[in-house]
Amino acid sequence: MLEDTVVLAAVTVLAVLEQAYFSLQVIYARRKYSVSPPATSGPPEFDRIFRAQANCSEYFPIFITLLWTSGVFLSQALSSLCGLLYLYGRFLYFRGYSQSSLGRLAPLYFSARVLWTLIALSCLGVVLSFFRVHLNVDVLHELGSALRLV
Amino acid sequence: MLEDTVVLAAVTVLAVLEQAYFSLQVIYARRKYSVSPPATSGPPEFDRIFRAQANCSEYFPIFITLLWTSGVFLSQALSSLCGLLYLYGRFLYFRGYSQSSLGRLAPLYFSARVLWTLIALSCLGVVLSFFRVHLNVDVLHELGSALRLV
Amino acid sequence: MLEDTVVLAAVTVLAVLEQAYFSLQVIYARRKYSVSPPATSGPPEFDRIFRAQANCSEYFPIFITLLWTSGVFLSQALSSLCGLLYLYGRFLYFRGYSQSSLGRLAPLYFSARVLWTLIALSCLGVVLSFFRVHLNVDVLHELGSALRLV
C-alpha cells in the first residue's frame, strides 16, 4: 500500500512546508508593521498578507482531503500532479496578494480550477471503486471491451 | 481495504462540495454588500454569512478526522450515516445563520450532538481495536459469549 | 494495518477532544464578556482567548496530517510521542495566552519545535519509503551493513 501513496505523502509534506513559509511571512509582517497579537488588522499591506495566509490555511484541509481521496481511489500520479500545480498556484496567489488585492485574482482562479479538477477526479475514483467493489463491475475494463467490439 | 472505505470517501467528497457551496455564498455576499478583500466585515447580513462559512471551515478538518477514525476503526455504515446527518445539520446552520443570529442555534446544537456521537464512536473503535490488536481480546465477541452463558 | 495505526488514532481522538475544550472556553468567554456572534472582538481578555482558539484550529489539520504521515511512513511510536508533546504544548499555549499575550510565547515556540520535528520525521519516512519501494533499497538496512563492515 505504501507504494501507492508515497508520492502523495511527498506532496503532503511539501504542502505543509508551504504553509510554514506563509506563516513565517505573517510573523515578519507583524514585526514590520508593528501589529502585535491578538490584533489581526493593521495597515492594508499587513491585512493582505494576513488574509492571504488565512485563506491558504482555510483551504489546506480541503486540498489534503482531495489529494488523498483522488490519489487513493483513482490515480496517485494524476492526483500528485494536480497537487503540485495547486501548491504552485497558491505560491503565486500569496505573492500576488501581498502586492495588491488585484494580484491575487489570476492565481486564485487557477488554484480553484485545480481544486475542481481534484474534486472531479475524486468523484470519478469513488464511483469507479463503488462499481468495482459493490457491484463487481470494472467500468474501465468494460468500456475497453465495448470499444474493442465496436 | 477500498471496500471498507468507499462510502466514507463518498461522504468526504460531499463534504467538500458543501464547503464549496458555502464559499460561493460568501463570494456572492461580498459582491452584494460591496465588501472587497482583504476586508472581512461589513453590514450584519454580510458578517453572519462570513462567520457561518468560517465556522463551517473551522470544523471541516475535525469532522473529516472523526468520520475516518470512527469509520475505519469501528463501522463505515454508522460513521457515514452520522456524516450525512452532520452535513445536513451544517446546511441548516448556514441557512439559519444567514437569516438571523438566533437561526443558527438549533442546527448548531444538532451538528454538535452529531460530532459528539462521532467522537464516542471513534473512542469505542480505538478502544476495541486496541484490545483486539495489542491484548488479543475481541471484546464484542467476549461480550457475546458472556451473554449467551447467562 | 490497524496494528500500526491504533495509537495514532488514539492521539487523534485526544487532539479532537482538546479542540472541543478550546471551543467551549470561547463559548464561556463569549458569555462572560458579552460578545455575541457574529462579533469576533471585544475586550482584550476575550480577544486573546478567541485568537488562541483560532490559532489552535488553524494548526489542527497541519498537526493531524504530520502525525499520520510520520506515523505511517516512519514510526508510530515516535510520531505518537511527538503528538502527545504537541497537544501538551498547545494546552500550555492556550492557558498562557488566556492570561497574557506574553504568556503564549514559550509554549508556542515549544509546539513549533515539535511540529518541525514531525516535519523532519515525515520527510525521513517519505525518503526511506521511496528508496525501499521505487529503488528497492532499504537504506537503514544498508547503513547497518556498512557500519558492521567498518
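Everything numeric in this text was worked out from a predicted model, so none of it was measured.

Across the contact, 26 residues belong to chain A and 24 residues belong to chain B. The contact between chain A and chain B buries some 2000 Å² in all, and 80% of this surface belongs to carbon and sulfur atoms. Broken down residue by residue, the surface that chain A buries against chain B is led by R51, I62 and F73 of chain A, which jointly contribute 22%. Joining chain A to chain B, the criterion identifies zero salt bridges.

On to the nonpolar core. In globular proteins that are soluble, nonpolar side chains generally tend to be buried together. Counting residues in each nonpolar core, the largest one holds 57 residues, and the members touching the most others are F63 of chain A, F63 of chain B together with F63 of chain C. The residues touching F63 of chain C, leaving out its near neighbours within four places in the chain, are V11, A15, G83, Y86, L87, L115 and L118 of chain C.

A word on the relation of the copies chain C and chain B. Each copy of the chain is related to the other by a rotation around an axis and a translation along that axis. With an RMSD of 0.0 Å, chain C superimposes on chain B once it is rotated by 120° and translated 0.0 Å along the axis. Viewed as a symmetry operation, the transformation between the two copies matches a three-fold axis. Among all residues of chain C, the minimum C-alpha distance to the rotation axis is found for P61 of chain C, at 3.4 Å. When the interface residues of chain C are mapped onto chain B, a mere 8% of them again fall at the interface, so the copies present different faces.

Residue and element names in this part refer to chain A. When the UniProt feature table is mapped onto this chain numbering, "transmembrane region" (unreviewed entry) sits at residues 6-24, 59-88 and 108-131. Between the C-alpha atoms that bound residues 6-24 the distance is 27 Å, and the span itself is 100% helix and 0% strand. Between the end C-alpha atoms of residues 108-131 there is a gap of 35 Å, over a span that is 100% helix and 0% strand.

Within this model, the largest pocket holds a volume of roughly 1300 Å³. In terms of lining residues, the largest pocket is bounded by 39 residues, among which W68 and V72 of chain A, W68 of chain B together with W68 and V72 of chain C are the most central. Broken down by element, the residue count for the lining of the largest pocket peaks at nine residues, all from helix α2 (residues 44-73) of chain C. The residue makeup of the lining of the largest pocket, split by class, is 21 nonpolar, 16 polar and two charged.

Across the boundary between the two partners, chain C contributes 24 residues, which contact 26 residues of chain B. At the boundary of chain C with chain B, total buried surface from both sides reaches about 2000 Å², with 80% on carbon and sulfur atoms. The largest share of the area that chain C buries against chain B comes from L2, V6 and P38 of chain C, three residues that together contribute 27% of it. The tally of links from chain C across to chain B stands at four residue pairs in polar contact (both at pLDDT 80 or more). Of all elements in the fold, only α1 (6-32) and α2 of chain C reach the threshold of two or more residues within the side of chain C that touches chain B. The leading source of residues in the side of chain C that touches chain B is α1 of chain C, at ten residues. For the side of chain C that touches chain B, the per-class residue count stands at 16 nonpolar, seven polar and one charged.

Calculation notes
- Residues numbered from 1 in each chain as written.
- Chains lettered and ligands numbered in written order.
- Predicted model: local features only at pLDDT ≥ 70, side-chain atom pairs only at ≥ 80, totals over all residues.
- Heavy atoms only, no water.
- Contact = heavy atoms within 4.5 Å.
- Buried area = accessible area lost by both parts, 1.4 Å probe.
- Salt bridge = Lys/Arg side-chain N within 4 Å of Asp/Glu carboxyl O.
- Core = buried A, V, L, I, M, F, W, Y, C linked by side-chain atoms within 4.5 Å.
- Buried < 20%, exposed > 50% of the residue type's maximum accessible area, 1.4 Å probe, protein only.
- Least-squares fit on C-alpha atoms with pLDDT ≥ 70 in both.
- UniProt positions renumbered as here; feature names shortened; annotations may be inferred.
- Helix = DSSP H or I, 4+ residues; strand = E, 2+ residues; numbered from the N terminus.
- 1 Å grid on protein atoms, 1.4 Å probe; cavity = no way out; pocket = protein on both sides within 12 Å on 5 of 7 lines; lining within 4 Å.
- Points joined across faces, edges and corners; volume = space filled by probe spheres on them.
- Nonpolar A, V, L, I, M, F, W, Y, C, P; charged D, E, K, R; others polar.
- Polar contact = N/O pair within 3.5 Å; in protein donor to acceptor, adjacent residues only side chain to side chain.

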